[in-house]
Amino acid sequence: MKDTYIRLWGLTVLCVLLMQPAVAQQTRKFPEDSKLGELTAVSFPQFTIDGMQFIMGPGGQIRGVDNLIIMPSMANYSGLIRYQLDMTGHLRRVWFLTPDEVKDAESQGQRLPSPQRRFLFF
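1. Focus: unusual backbone geometry
- For the peptide bond that leads from Phe44 to Pro45, omega is 10°, which places it in the cis range.
- Of note, Asp50 is a non-glycine position whose phi angle comes to about 55°, a positive value.
- Secondary-structure assignment places Asp50 in the loop between strand E2 (46-49) and strand E3 (52-63).
- Residues other than glycine seldom take positive phi values, yet Asn67 does so here, at roughly 70°.

2. Concerning the pairing of strand E1 (residues 35-43)
- Looking at chain direction, E1 and strand E4 (residues 79-85) are connected through 5 bridges and run antiparallel. By the bridge assignment, Leu39 is partnered in E4 with Gly79.
- Linkage of E1 to E2, two consecutive antiparallel strands, is achieved through a turn of 2 residues.

3. Some details on the pairing of E4
- In terms of burial, E4 is largely enclosed, as 6 of its 7 residues are buried.
- The sheet contact formed by E4 and strand E5 (residues 91-96) spans 5 bridges and is antiparallel. In the sheet register, Gln84 faces E5, and the bridge partner there is Arg93.
- A loop of 5 residues connects E4 with E5, the two strands running antiparallel in sequence, and Gly89 in this loop sits at a positive phi of about 90°.

4. Re helix H2 (residues 99-107)
- Listed as buried for H2 are Glu101, Val102 and Ala105. Within H2, the buried residues cover an arc of 105° as seen down the axis, which keeps them to one side. H2 presents Pro99, Asp100, Lys103 and Ser107 as exposed residues on the side facing more than 90 degrees away from its buried surface.
- Residues of H2 that are buried sit in contact with E1, E4 and E5.
- Just beyond H2, the residue with positive phi is Gly109, at close to 85°.

About the thresholds
- Residues numbered from 1 in each chain as written.
- Predicted model: local features only at pLDDT ≥ 70, side-chain atom pairs only at ≥ 80, totals over all residues.
- Heavy atoms only, no water.
- Helix = DSSP H or I, 4+ residues; strand = E, 2+ residues; numbered from the N terminus.
- Pairing = 2+ DSSP bridges.
- Buried < 20%, exposed > 50% of the residue type's maximum accessible area, 1.4 Å probe, protein only.
- Arc of directions from axis to C-beta.
- Contact = heavy atoms within 4.5 Å.

Below is the structure:
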């Protein structure tokens, strides 16, 4: 009987270990009307994306690279994002992108925002 439990336990551990890479490679699916942008400033509820000011609409969500919801007070990120607007032009959803998601967007031919040039005059 003890031998059966050991084999069952070993089989369970083996299944979990074999399943782990499949779970780790899941990609997020973004809505087709979501846009790629560069987030440069966050002062909730105002966001600066590609130099334009947006306001987070009611019920808006901010999702991190792990796809978990981030509280607005903790959204101190600047970089490439995907965002979706509602019918009134307010932000509905914001996703912080992983480097792999940025590469996927490039390979699909989507335009990545170019960094703004800054000139210093002395």
